[in-house]
Amino acid sequence: MSAAEGLSIGEIAARTGLAVSAIRYYEEEGLIAPWRNSAGRRRFQRSDIRRLSFVMIAQQFGFTLPQIRVELDRLPRHRAPTKADWTRISKTFRSGLDTRIARLEKLRDTLDGCIGCGCLSLEVCALYNPKDRAAERGTGPRYLLGDSPDK
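To start, this report covers the structure provided alongside it. (Residues numbered from 1 in each chain as written. Predicted model: local features only at pLDDT ≥ 70, side-chain atom pairs only at ≥ 80, totals over all residues. Heavy atoms only, no water.)

1. A short note on the side chain of D147
Here is step 1 of the chain: Note on placement: D147 falls in the segment after α6 (125-128).
Here is step 2 of the chain: Within polar-contact distance, the side chain of D147 engages the side chain of R142 at 2.9 Å.
Here is step 3 of the chain: For D147, the contacting residues outside a window of four places in its chain are K106, R137 and R142. (Helix = DSSP H or I, 4+ residues; strand = E, 2+ residues; numbered from the N terminus. Polar contact = N/O pair within 3.5 Å; in protein donor to acceptor, adjacent residues only side chain to side chain. Contact = heavy atoms within 4.5 Å.)

2. Considering unusual backbone geometry
Here is step 1 of the chain: Positive phi is not limited to glycine here, since L120 has a value of about 55°.
Here is step 2 of the chain: By the element assignment, L120 lies in the loop between α5 (83-110) and α6.
Here is step 3 of the chain: The partly exposed category is assigned to L120, whose relative accessible area is 39%.
Here is step 4 of the chain: Here D132, not a glycine, exhibits a phi torsion of approximately 55°, which is positive.
Here is step 5 of the chain: Examined against the element boundaries, D132 turns out to sit in the segment after α6. (Buried < 20%, exposed > 50% of the residue type's maximum accessible area, 1.4 Å probe, protein only.)

3. A short note on the nonpolar core
Here is step 1 of the chain: By size, the foremost hydrophobic cluster in this structure holds 23 residues, and its most contacted members are I23, F54, I68 and L72.
Here is step 2 of the chain: For this core, the secondary-structure elements that each account for two or more residues are α1 (9-16), α2 (20-28), α3 (47-60), α4 (65-72) and α5.
Here is step 3 of the chain: If one sorts the elements of this core by residue count, α3 sits on top with five residues.
Here is step 4 of the chain: Each residue touching I23, except ones within four places of it in the same chain, is listed here: I9, I12, A13, T16, L18, I32, F44 and L52. (Core = buried A, V, L, I, M, F, W, Y, C linked by side-chain atoms within 4.5 Å.)

4. Things to note about the layout of surface pockets
Over the atoms, a rolling probe the size of a water molecule traces out where space has been left empty.
Here is step 1 of the chain: Within this model, the largest pocket holds a volume of roughly 220 Å³.
Here is step 2 of the chain: Lining the largest pocket are 13 residues, and of these F54, W86, I89, S90 and F93 sit closest to its centre.
Here is step 3 of the chain: Looking at the lining of the largest pocket, the elements with two or more residues in it are α3 and α5.
Here is step 4 of the chain: The leading source of residues in the lining of the largest pocket is α5, at six residues.
Here is step 5 of the chain: Of the residues assigned to the lining of the largest pocket, the class counts are nine nonpolar, two polar and two charged. (1 Å grid on protein atoms, 1.4 Å probe; cavity = no way out; pocket = protein on both sides within 12 Å on 5 of 7 lines; lining within 4 Å. Points joined across faces, edges and corners; volume = space filled by probe spheres on them. Nonpolar A, V, L, I, M, F, W, Y, C, P; charged D, E, K, R; others polar.)

5. What to know about a nonpolar patch on the surface
Here is step 1 of the chain: Residues L122, V124, L127 and Y128 make up a contiguous nonpolar surface patch of roughly 370 Å² in combined accessible area.
Here is step 2 of the chain: Inspection of the secondary structure assignment puts L127 in helix α6.
Here is step 3 of the chain: Take L127: its relative accessible area is 67%, and that puts it in the exposed class. (Patch = residues over 30% accessible without salt bridge, like charges linked within 9 Å, V, L, I, M, F, W, Y side chains within 5 Å. Areas by Shrake-Rupley, 256 points an atom, 1.4 Å probe, with all protein chains shown as cover. Salt bridge = Lys/Arg side-chain N within 4 Å of Asp/Glu carboxyl O.)

6. Brief notes about the side chain of D48
Here is step 1 of the chain: Structurally, the position occupied by D48 is in helix α3.
Here is step 2 of the chain: Here D48 is buried and forms no salt bridge, its nearest opposite-charge partner R51 lying at an N-O distance of 4.1 Å.
Here is step 3 of the chain: For D48, the contacting residues outside a window of four places in its chain are I12 and I32. (Lys, Arg positive; Asp, Glu negative; His and termini not counted.)

So this is what it looks like as structure tokens:
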């Protein structure tokens, strides 16, 4: 197969592990843009494997399709993206990932203690959240949402 012929949807599915229906869905969502050969069949660039892989990974980390589309729209459509192109996307996603990592670390480190949710079921809640003081700051697990028990 030459680059001019492109890859079939079956070849893309086999390489990415995605169902053909998922690939078609991502096409409808504008995340990939295959072309049609003279027989009317979809053809993909090899670089679409990376685009689809990026979509899969980004979704696993909680990014939405609209967020992913914004980033993929910054990639060139007329050529395979370069390392520099992917580095630009990486910088944008890095900030969001860093925020999520910090939240996950905080959850890991504090979930077994008072989280300011108002349940008052742990002995430490009487120390960190006496009489559910955290409720004055709003609903939910206030200490996991960023409030400090010291405030």
